[in-house]
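# Architecture and fold: a report
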Amino acid sequence: MLSFLESRFDRVQGGLQCDSWIWIHFGQDKVAVDTFTSMNHEVKSATHGKHVGEVMRALQEKYQVEVYPEPETEAHEAL
């Protein structure tokens, strides 16, 4: 998934730290795709905007994406 997102966006960071994490940067905004609080990857951002939709649309090109109600941000997930 990391290499797929790197091929779609200019500023992407990611890695493994017991969990999978990917950050896609859009200027001052960031979208996180991670497994920190779930067995599946979750797409999260501290701000609303088109950057979230861009990541969701890109992921839908290759992966099954289910949209759930907005999750609550936990303390360690400060974006």
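Residues numbered from 1 in each chain as written. Predicted model: local features only at pLDDT ≥ 70, side-chain atom pairs only at ≥ 80, totals over all residues. Heavy atoms only, no water.

For the protein chain, the count of helices and strands is 2 helices and 4 strands. Reading the helices (α) and strands (β) of the protein chain from amino to carboxyl end gives α-β-β-β-β-α. By the burial criterion, 28% of the 79 residues in the protein chain qualify as buried. A fraction of 31% describes how many contacts in the protein chain between residues 6 or more apart in sequence connect residues 24 or more apart. When the accessible surface of the protein chain is split by element, carbon and sulfur atoms take 49% of a total near 5,600 Å². (Helix = DSSP H or I, 4+ residues; strand = E, 2+ residues; numbered from the N terminus. Buried < 20%, exposed > 50% of the residue type's maximum accessible area, 1.4 Å probe, protein only. Contact = heavy atoms within 4.5 Å. Areas by Shrake-Rupley, 256 points an atom, 1.4 Å probe, with all protein chains shown as cover.)

The next subject is the side chain of Ser-20. Of note, Ser-20 is situated in strand β2 (residues 20–26). Residue classification places Ser-20 among the buried positions, given a relative accessible area of 16%. The residues touching Ser-20, leaving out its near neighbours within four places in the chain, are Gly-15, Val-33, Asp-34, Thr-35 and His-41.

Here the focus is helix α2 (residues 50–62). Along α2, the residues that are buried comprise His-51, Val-55, Met-56, Ala-58 and Leu-59. Along the axis of α2, the buried positions cluster into a sector of 165°, meaning they face one direction only. Among the exposed residues of α2, those pointing more than 90 degrees away from its buried face are Lys-50, Arg-57 and Glu-61. Against the buried residues of α2 lie α1 (2–8), β2, β3 (29–34) and β4 (42–45). (Arc of directions from axis to C-beta.)

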